[in-house]
Amino acid sequence: MFLGIGTVINIFSILIGATIGVFAGSKIKDRTRELVTDILGLITLIGAAQAIAPIWSESYLSALPRGWGLLAVLAAMIVGGLIGAAFKLEDRLDHFGEYLRVKFRAKSESSFIEGFVSASLLFVIGPLAILGSISDGMSRGIDQLLLKSILDMFAAMAFAASLGWGVAASAIAVGIYQGAWTVIGAFLGNILASYQIDCMTITGGLMLVAISLRLLKIRQVAVGNLLPALFLAPVIALALHQFN
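This write-up is about the structure you can find in this document.

## Quick notes on the overall build of the chain
Regarding its fold elements, the chain presents 11 helices and 0 strands. Relative to a compact globule of 244 residues, whose C-alpha radius of gyration would be 18 Å, the chain shows 18 Å and is just as compact. Projected onto its principal axes, the C-alpha coordinates of the chain cover approximately 55 × 45 × 30 Å. Across the chain, contacts joining residues at least 24 apart in sequence account for 81% of those joining residues at least 6 apart.

Structure representation (structure tokens):
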């Protein structure tokens, strides 16, 4: 095996799942597709709940000053959101999605961009994307990424049935994001403490809530602008840990 094999498998699992979903989705009525999207929104809420769960764990709370566990996440979200808004990350992500839509020759009225943005954020948010990639980079095995690949394949299948080829394009974002963490794992080893991973996971969980709101058409939260919060969360957690 070679460095990054876990991410390569993950990319192919997304492409396979999306391809099956697109061809299956073409035979599904619009009302049924909308129902599938609503179900995905509800399932995403469950994933969000699982990601947010560490905020009540003793290991996370004990690593930070009393009552500051939520403050770390709040600070990451606010500062990260301000940075993302300043750099217009949501718009840039949409523009990149539009560029890919043209390249893939998808119709302008299609849900290509929504599929690309939603699937990209869903597949990169979560502890498996980070921990699995770092483990791969450190040559400690790809078990976590294999598990993520299976989950992502079925998620891509469900998403693509209603959102189309944009879901397949999200494999590009997964390759870049997980590839970067694999390189970090190869050169820096185990760089994050468990409480830092928890803070990042909780922050990602809140973003999953925002994604579910988009899928359920409740509110179009600019989740792309919140992406810097994922990188700020472990840094802020480390800073607050010093006061513990």
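## As for the packing of aromatic side chains
Each aromatic ring pair is characterised by the separation of its centres together with the angle its planes make. Taken as a whole and judged by the stated rule, the model has 4 aromatic pairs. Here Tyr177 and Phe231 contribute two aromatic rings whose centre-to-centre distance is 6.3 Å and whose plane-to-plane angle is 65 degrees, an arrangement assigned as edge-to-face. A residue pair is termed long-range when its members are at least 10 positions apart, and Tyr177 in helix α9 (residues 166-188) and Phe231 in helix α11 (residues 228-241) qualify at 54 residues. Judged by its relative accessible area of 13%, Tyr177 falls in the buried class. Among the residues examined, Phe231 registers a relative accessible area of 45% and is labelled partly exposed. Seen from their ring centres, Trp181 and Phe231 are 6.5 Å apart, and the 5 degrees between their planes marks the pair as stacked. Residue Trp181 is found in helix α9, and its partner Phe231 is found in helix α11; the two are separated by 50 residues along the sequence. Since its relative accessible area comes to 7%, Trp181 is described here as buried. Every member of this aromatic cluster is reached through a ring pair, and the members are Tyr177, Trp181 and Phe231.

## Observations regarding the packing of helix α6 (residues 112-124) against helix α8 (residues 143-163)
Running from N to C, α6 and α8 point in directions that differ by 160 degrees, and their axes come no closer than 11 Å. By the angle between their directions, the pair α6 and α8 is classed as roughly antiparallel. Considering how the two elements wind past one another, α6 and α8 form a crossing that is right-handed. From α6, Phe112, Glu114, Gly115, Ser118, Leu122 and Phe123 reach across to α8, where they touch Lys148, Asp152, Ala155, Ala156, Phe159 and Leu163. Its residues placed into classes, the contact of α6 with α8 shows 7 nonpolar, 2 polar and 3 charged.

## Section: the packing of helix α2 (residues 30-52) against α8
Helices that pack against each other are described as a pair by the angle of their axes relative to one another and the distance between those axes. For the pair α2 and α8, the least separation of the axes is 8 Å and the interaxial angle reads 140 degrees. With respect to their mutual orientation, α2 and α8 come out oblique. Relative to α8, α2 is oriented so that their crossing is left-handed. Facing Arg33, Val36, Thr37 and Leu40 of α2, the residues of α8 in contact are Ala158, Phe159, Ala161 and Ser162. A class-by-class count of the residues in the contact of α2 with α8 yields 5 nonpolar, 2 polar and 1 charged.

Parameters and conventions
Residues numbered from 1 in each chain as written. Predicted model: local features only at pLDDT ≥ 70, side-chain atom pairs only at ≥ 80, totals over all residues. Heavy atoms only, no water. Helix = DSSP H or I, 4+ residues; strand = E, 2+ residues; numbered from the N terminus. Rg over C-alpha atoms; globule rule 2.2 N^0.38 Å. Contact = heavy atoms within 4.5 Å. Phe/Tyr/Trp six-rings, centres within 6.5 Å; stacked < 30°, edge-to-face > 60°. Buried < 20%, exposed > 50% of the residue type's maximum accessible area, 1.4 Å probe, protein only. Axes fitted to C-alpha atoms, helices over the stretch in contact; angles between N-to-C directions. Parallel < 35°, antiparallel > 145°, perpendicular 65-115°, else oblique. Left-handed = near helix turned anticlockwise from the far one by under 90°. Nonpolar A, V, L, I, M, F, W, Y, C, P; charged D, E, K, R; others polar.

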